[in-house]
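One-letter residues, chain by chain:
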Amino acid sequence: VNQDATMKYYEIILVDPSHAKIRNDSRINWIVNPVHKHRECRGLTSAGRKSRGLRKKGHRANGIKGGSYRAAWLNRNITKLKRYR
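What comes next concerns the included structure. As the structure is a computational prediction, the values presented were derived from the model and not from experiment.

**Comments concerning the overall build of the protein chain**
Looking only at helices and strands, the protein chain has three helices and two strands in total. The order of helices and strands in the protein chain, counted from the N terminus, is β-β-α-α-α. Its C-alpha radius of gyration of 20 Å places the protein chain more than 25% over the 12 Å reference for a compact globule of 85 residues. Its C-alpha atoms give the protein chain principal-axis dimensions of about 50 × 45 × 20 Å. Once local pairs closer than 6 in sequence are excluded, the contacts in the protein chain between residues at least 24 apart make up 0%. For the protein chain, the exposed surface amounts to about 8,300 Å²; the carbon and sulfur share of it is 54%. Of the side-chain charges in the protein chain, 21 are positive and 5 negative, and the distance between the mean point of each set is 21 Å.

**Focus: the environment of Ile-64**
Within the fold, Ile-64 resides in the loop between helix H2 (46-51) and helix H3 (69-77). On the basis of relative accessible area, Ile-64 is assigned to the partly exposed category, the value being 24%. A sequence separation of twelve residues divides Ile-64 from Arg-52, and the C-alpha atoms of the two residues are 8.5 Å apart. Ignoring sequence-local partners within four residues, the contact set of Ile-64 consists of Gly-53, Leu-54, Lys-56 and Ala-72.

**Quick look at unusual backbone geometry**
Within the chain, His-38 stands out as a residue other than glycine whose phi angle is a positive 55°. Here His-38 is to be found in the loop between helix H1 (20-24) and H2. Using a relative accessible area of 54% as the deciding quantity, one classes His-38 as exposed.

**With respect to the environment of Leu-74**
Mapped onto the secondary structure, Leu-74 falls in helix H3. For Leu-74, a relative accessible area of 42% gives the class partly exposed. Sequence separation between Leu-74 and Ser-18 is 56 residues, and the spatial gap between their C-alpha atoms is 41 Å.

**A few points about a nonpolar patch on the surface**
Together, Val-1, Tyr-10, Ile-12 and Leu-14 line one region of the surface with nonpolar side chains, adding up to about 580 Å² of accessible area. Tracing the backbone through its elements, the reader meets Val-1 in the segment before strand E1 (2-3). Judged by its relative accessible area of 76%, Val-1 falls in the exposed class.

**Let's talk about the environment of Asn-62**
In this structure, Asn-62 sits in the loop between H2 and H3. Along the sequence, Asn-62 and Arg-49 sit 13 residues apart, while their C-alpha atoms lie 15 Å from each other. Contacts of Asn-62, omitting those with residues within four sequence positions, involve Ala-72 and Arg-76.

Thresholds, definitions, all that
Residues numbered from 1 in each chain as written. Predicted model: local features only at pLDDT ≥ 70, side-chain atom pairs only at ≥ 80, totals over all residues. Heavy atoms only, no water. Helix = DSSP H or I, 4+ residues; strand = E, 2+ residues; numbered from the N terminus. Rg over C-alpha atoms; globule rule 2.2 N^0.38 Å. Contact = heavy atoms within 4.5 Å. Areas by Shrake-Rupley, 256 points an atom, 1.4 Å probe, with all protein chains shown as cover. Lys, Arg positive; Asp, Glu negative; His and termini not counted. Charge placed at Lys NZ, Arg CZ, Asp CG, Glu CD. Buried < 20%, exposed > 50% of the residue type's maximum accessible area, 1.4 Å probe, protein only. Patch = residues over 30% accessible without salt bridge, like charges linked within 9 Å, V, L, I, M, F, W, Y side chains within 5 Å. Salt bridge = Lys/Arg side-chain N within 4 Å of Asp/Glu carboxyl O.

As structure tokens, then:
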């Protein structure tokens, strides 16, 4: 909304997903979808993605996709086969 030399000021609008008006409004009811429940617990918010090291893109992110450097290495180096082939 506004900024000065050191700070940025912005608005946060809180929405109650269980309210009938929100559930019936086709422009806003995407908030009600199950995929948006407890995003903060799964590390999907901006701050959560930052703490998980997912702000990088491209060749710098090769070692951290999948949660950690070790998980990324393991995904690249194991053979995954279907159970019933």
